[in-house]
Amino acid sequence: MKLSTRSLFESEMVEQVQAAEVAVREAESSDDALSVDVARNHLDNLLSLARRNGLAISSEFSSAPTPPRSITLTVVDGDGAEAIAPAV
């Protein structure tokens, strides 16, 4: 990649990451879990793209991974008996 092209790409990625960080802050202030997840995923994808292209861009939000969600399934068999099992 040419130096001028790389510099343009790098400056664009920095701007995109900064905008994504703003979106994460706004989503966190709205107390909407789905919006927070979407904003963080977008930020993570941008950071991943930057890393794949050799850029070392960091974010204040990338250091703390989001905890996995816990989901419980209730299964009813043919006899109507219920069994509760954690989803994997």
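Quantities reported herein were computed from a predicted structural model and do not represent experimental measurements.

Q: Sorry, what's going on with the overall build of the protein here?
A: The helix and strand tally for the protein stands at two helices and two strands. Per-residue burial over the protein gives 19% buried out of 88 residues. Contacts in the protein between residues far apart in sequence, at least 24 positions, make up 46% of those at least 6 positions apart.

Q: So what exactly am I meant to see when it comes to the pattern of salt bridges here?
A: Oppositely charged side chains may form a pair once their charged atoms are brought near each other. Counted according to the given criterion, the structure contains two salt bridges. Of the charged contacts in the structure, one is a salt bridge between glutamate 60 and arginine 25, with a shortest N-O distance of 2.7 Å. Of this pair, glutamate 60 sits in the loop between helix 2 (33-52) and strand 1 (72-76) while arginine 25 is found in helix 1 (residues 3-30), placing the two residues 35 residues apart along the sequence. Residue classification places glutamate 60 among the exposed positions, given a relative accessible area of 52%. Taking the relative accessible area as the measure of exposure, arginine 25 reaches 36% and is therefore partly exposed. Of the charged contacts, one joins arginine 40 and glutamate 28 as a salt bridge, the two residues approaching to 2.6 Å between their closest N and O atoms. On the criterion of sequence distance, the pair formed by arginine 40 in helix 2 and glutamate 28 in helix 1 is long-range, its members being twelve residues apart. Residue classification places glutamate 28 among the partly exposed residues on the basis of a relative accessible area of 33%.

Q: Would you mind showing me how to read unusual backbone geometry here?
A: Of note, aspartate 31 is a non-glycine position whose phi angle comes to about 60 degrees, a positive value. Within the secondary structure, aspartate 31 sits in the loop between helix 1 and helix 2. The exposure class assigned to aspartate 31 is exposed, which follows from its relative accessible area of 71%.

Q: How should I be thinking about helix 2 in this particular structure?
A: Note: α-helices contain 3.6 residues per turn, so residues at a spacing of three or four share the same orientation. Relative to the 28 Å expected for 20 residues at 1.5 Å per residue, helix 2 spans 28 Å between its end C-alpha atoms, a close match to the ideal helical length. Those residues of helix 2 that fall on the buried side of the exposure criterion are Val36, Ala39, Arg40, Leu43, Leu46, Leu47 and Ala50. One face of helix 2 carries all of its buried residues, which in axial projection span an arc of 120 degrees. Structural note: helix 2 exposes Ala33, Leu34, Val38, Asn45 and Arg52 on the side pointing more than 90 degrees away from its buried face. At the C-terminal side of helix 2, glycine 54 shows a positive phi close to 80 degrees.

About the cut-offs
- Residues numbered from 1 in each chain as written.
- Predicted model: local features only at pLDDT ≥ 70, side-chain atom pairs only at ≥ 80, totals over all residues.
- Heavy atoms only, no water.
- Helix = DSSP H or I, 4+ residues; strand = E, 2+ residues; numbered from the N terminus.
- Buried < 20%, exposed > 50% of the residue type's maximum accessible area, 1.4 Å probe, protein only.
- Contact = heavy atoms within 4.5 Å.
- Salt bridge = Lys/Arg side-chain N within 4 Å of Asp/Glu carboxyl O.
- Expected span 1.5 Å × (residues − 1).
- Arc of directions from axis to C-beta.

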